[in-house]
Amino acid sequence: MAVDYHLEGQVAVVTGSTSGIGQAMATALVEQGVSVVLNGFGDAAKIEADRAAMEAKAASGARVLYHAADMTKPAEIADLIGYAKSELGRLDILVNNAGIQHVAPVDEFPDEKWAAIIAINLSSAFHATKHALPIMKAQGRGRVVNIASAHGLVASPFKSAYVAAKHGVVGFTKSCALEVARQGITVNAICPGYVKTPLVEMQIDDQAKARGIPRERVVEDVILAAQPNKAFVEYDHLAGMLLYLVSDLGASTTGAALTADGGWTAA
Ligand code: NAD
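Heads up: these notes are all about the structure in this document.

1. Focus: the site of the ligand
In the vicinity of the ligand lie 27 residues, with Thr18, Ser19, Ile21, Asn97 and Tyr162 positioned nearest. Ser19 places a side-chain nitrogen or oxygen 2.6 Å from an oxygen atom of the ligand. A distance of 2.7 Å is found between an oxygen atom of the ligand and a backbone nitrogen or oxygen belonging to Asn97. Compared with its free state, where it exposes 830 Å², the ligand has 86% of that area covered by protein. Going through the elements one at a time, α1 (20–31) and α5 (160–179) are the ones with two or more residues in the shell around the ligand. Residues belonging to the shell around the ligand are distributed by class as follows: 13 nonpolar, twelve polar and two charged.

Structure follows, in structure tokens:
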């Protein structure tokens, strides 16, 4: 992005940044000269190649590190935040992004899927924020951005754990924002509609085959049924929101749940 948000020299942790939205948010920060600690699962060689490629393109000598914390494990999350501080000397930005999904009726929802979704999509944001705030308070400035979802504001059937976790993230965002409002720290949630991640791409092909209808109809009638503008959210739309929130331009915005959902939650 061409705009300069004056973020050079800052340090960020982005959870779940080995793919999809988290990887795009980490890239946007690195392009602004922010050093980033990546996190998430995946093939070790691919993670290292992606990390090195991101660092090679970094602005102003920003560094890109990786920490393998499992977001279901509070001690590993504490270690991730401590690693950012010990390796990079500070922590200015925390993006709580890691998340998973499982779709099933409530009365058939597997207990272990419920527990994993609550742990990764909700509790990990608590644990990471808990350990990041003392560092940000000592610095007198900080930014926490939680990647929630349109499902943090409205519901769909068969996604009970995800909707409960994402509504929880929005509530957690508001409560934290009130606690640190006098300390130069903002806490906000971004609530995207459908983003065209590789997973969604595959769903389009599968649904087109299964239903015997063209890809465009799958997109409009099935995937984007709830999204009035009938267009996917692009990574850049989310990066723009993130960079606004973490820069000084976002200083007055706190406790907010900002939508990027093509009008979904207005309906
Ligand atoms: P993705 O599957 O591409 O990425 C998820 C990331 O989380 C990966 O890096 C994965 O390794 C990591 N992760 C999963 N479990 C983890 C664990 N236990 N510990 C550490 N890392 C773990 O998904 P995405 O679509 O990019 O989603 C990212 C976030 O955005 C999620 O919170 C999701 O709910 C939210 N979101 C996505 C969409 C969408 O349409 N894709 C819409 C709204 C909100």
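2. Brief notes about the packing of aromatic side chains
What the rule picks out here adds up to three aromatic pairs. Here Phe109 and Trp114 contribute two aromatic rings whose centre-to-centre distance is 6.5 Å and whose plane-to-plane angle is 85°, an arrangement assigned as edge-to-face. Taking relative accessible area as the criterion, Phe109 reaches 10% and is therefore assigned buried. You can call Trp114 partly exposed: its relative accessible area is 38%.

3. Observations concerning unusual backbone geometry
The general pattern is negative phi for most residues beyond glycine and trans for most peptide bonds. Although it is not a glycine, His6 adopts a positive phi angle of roughly 55°. Assessed through its relative accessible area of 61%, His6 is described here as exposed. Positive phi, close to 70°, is recorded for Phe158, a residue that is not glycine. Mapped onto the elements, Phe158 comes out in the loop between β5 (142–147) and α5. The class of Phe158 is partly exposed, set by a relative accessible area of 47%.

4. Digging into the packing of helix α3 (residues 74–88) against helix α4 (residues 111–139)
Running from N to C, α3 and α4 cross one another at 35°; their axes reach a closest spacing of 9 Å. You can see that α3 and α4 cross each other, and the crossing is right-handed. Taken together, the residues of α4 that come into contact with α3 (itself represented by Pro74, Ile77, Ala78, Ile81 and Lys85) are Ser124, His127, Ala128, His131, Ala132 and Ile135.

5. Here's the deal with the pattern of salt bridges
A full pass over the atoms with the stated rule returns ten salt bridges. Between Arg51 and Glu48 there is a salt bridge whose closest N-O contact spans 2.9 Å. Pair noted here: Arg51 and Glu48 are both in helix α2 (residues 44–56), with a separation of three residues, about one helical turn. A relative accessible area of 41% means that Glu48 is categorised as partly exposed. Each of Lys196, Glu201, Asp205 and Arg215 takes part in a single network of salt bridges with overlapping partners.

About the cut-offs
- Residues numbered from 1 in each chain as written.
- Predicted model: local features only at pLDDT ≥ 70, side-chain atom pairs only at ≥ 80, totals over all residues.
- Heavy atoms only, no water.
- Near = heavy atom within 4 Å.
- Polar contact = N/O pair within 3.5 Å; in protein donor to acceptor, adjacent residues only side chain to side chain.
- Areas by Shrake-Rupley, 256 points an atom, 1.4 Å probe, with all protein chains shown as cover.
- Helix = DSSP H or I, 4+ residues; strand = E, 2+ residues; numbered from the N terminus.
- Nonpolar A, V, L, I, M, F, W, Y, C, P; charged D, E, K, R; others polar.
- Phe/Tyr/Trp six-rings, centres within 6.5 Å; stacked < 30°, edge-to-face > 60°.
- Buried < 20%, exposed > 50% of the residue type's maximum accessible area, 1.4 Å probe, protein only.
- Axes fitted to C-alpha atoms, helices over the stretch in contact; angles between N-to-C directions.
- Left-handed = near helix turned anticlockwise from the far one by under 90°.
- Contact = heavy atoms within 4.5 Å.
- Salt bridge = Lys/Arg side-chain N within 4 Å of Asp/Glu carboxyl O.

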